[in-house]
Amino acid sequence: YCSELDADEAYYDATDLAEWKAALAEAKRLLESEPLYLTDANQAIIDNAAAALSKEYDDLYEIYVDLSELAAAVDTYGEDKIENEIERYTPDSWAAYEAALAAAQEALVTYDIAPDTAEIREIIAGLAKDLELAYKGLTILGNCDYSELDAAIADYEAKLADKDLY
């Protein structure tokens, strides 16, 4: 019981964990005390302590970090939501988006069974925000500057108009 829970305390509801630790302390106290004489009452004390320890262990409620915010961000800003071809975006904005999406998708796997701690909640919220910002920061490439081509055509048409080709 002991070593398994000591390493994973962050996974458990604090109240449940405190109750389990209290039952464990009582069980240890009984083990370390003077041996009780075998009477029905004394055996009931030992049996009740064992039952309480087992019950509290079974009642421990594991708490995992909530990934719904990050999953929603991936659903909302995932690559399937991109309306234009990749080539239409500036390389920098596309690279930032790809990196944010990859980090969010990786975190959904990495933190799937992570404990619910403030640090992990902050990481998850940050990744969701990064993805949103990267998606909103995608910049579509502008159109080429056709002014020189337009001027050349106009110049050519003007020269043709001055000559009587017919």
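Here the structure is shown first, and the text comes after it.
Okay, so let's go over this structure. All residue numbers refer to position in the chain's written sequence, counted from 1. Per-residue local features are limited, in this predicted model, to residues with pLDDT of at least 70; the limit for side-chain atom pairs, both in listing and counting, is 80 or more; totals at the level of whole chains, interfaces and linings are taken over all residues. Values shown for side chains rest on all heavy atoms present in the structure; no hydrogens or waters enter the calculation.

### As for the nonpolar core
- In this description, a nonpolar core means a group of buried Ala, Val, Leu, Ile, Met, Phe, Trp, Tyr and Cys residues linked to one another through side-chain atoms lying within 4.5 Å. Buried residues are those whose accessible area, probed at 1.4 Å on protein chains only, stays under 20% of the maximum for their type, while exposed residues exceed 50% and partly exposed ones sit between those limits. Formed by 23 residues in total, the largest nonpolar core has its most connected members in Val65, Leu70, Tyr97, Tyr111, Ile124 and Leu131.
- In this structure, Leu17, Ala23, Leu24 and Leu60 belong to the second largest nonpolar core, which totals eight residues.

### Examining the packing of aromatic side chains
- By convention, a stacked pair of Phe, Tyr or Trp rings (six-membered ring in the case of Trp) has centres within 6.5 Å and planes under 30 degrees apart, an edge-to-face pair has planes over 60 apart, and any other such pair is tilted. Under the counting rule described, the total for this entry stands at four aromatic pairs.
- Seen from their ring centres, tryptophan 94 and tyrosine 97 are 5.2 Å apart, and the 45 degrees between their planes marks the pair as tilted. Here tryptophan 94 and its partner tyrosine 97 are both found in helix α5 (residues 91-110), three residues apart, which amounts to about one turn of the helix.
- These aromatic residues form a ring-pair network of at least three members: Tyr77, Tyr89, Trp94, Tyr97 and Tyr135. Per the convention used, a helix needs a DSSP run of H or I reaching at least four residues, while a strand needs a run of E reaching at least two, with both numbered from the N terminus.

### Overview of helix α6 (residues 118-136)
- Its 19 residues place the ends of α6 27 Å apart at the C-alpha level, agreeing with the 27 Å of an ideal helix rising 1.5 Å per residue.
- For α6, the set of buried residues is Ile120, Ile124, Leu127, Ala128, Leu131, Glu132 and Ala134.
- Packing partners of the buried residues in α6 comprise α4 (68-77) and α5. Multiplying one less than the number of residues by 1.5 Å gives the expected span of a helix. By definition in these notes, contact holds between two residues if any of their heavy atoms fall within 4.5 Å.

### Looking at the packing of α5 against α6
- Note on definitions: angles span 0 to 180 degrees between N-to-C directions of axes, and those axes are lines fitted to C-alpha atoms, for helices only across the stretch in contact. Contact pair α5 / α6: the axes reach a minimum separation of 8 Å and the direction vectors enclose 150 degrees. In terms of orientation, α5 lies roughly antiparallel with respect to α6. The way α5 lies across α6 gives a crossing that is left-handed. Touching Ala96, Tyr97, Ala100, Leu101, Ala103, Ala104 and Ala107 of α5 are Leu127, Asp130, Leu131, Ala134 and Tyr135, all from α6.
- Looking at the contact of α5 with α6, its residues break down into eleven nonpolar, no polar and one charged. By definition in this entry, angles of less than 35 degrees are roughly parallel, angles greater than 145 are roughly antiparallel, angles of 65 to 115 are roughly perpendicular, and the rest are oblique. Handedness of a helix crossing follows the sense of rotation of the near helix relative to the far helix, less than a right angle counterclockwise being left-handed and clockwise being right-handed. Ten residue types, Ala, Val, Leu, Ile, Met, Phe, Trp, Tyr, Cys and Pro, are classed as nonpolar, four, Asp, Glu, Lys and Arg, as charged, and the remainder, Gly among them, as polar.

### What to know about the environment of leucine 70
- One can find leucine 70 in helix α4.
- Assessed through its relative accessible area of 0%, leucine 70 is described here as buried.
- Sequence spacing of leucine 70 and threonine 90 is 20 residues, and the spatial spacing of their C-alpha atoms is 25 Å.

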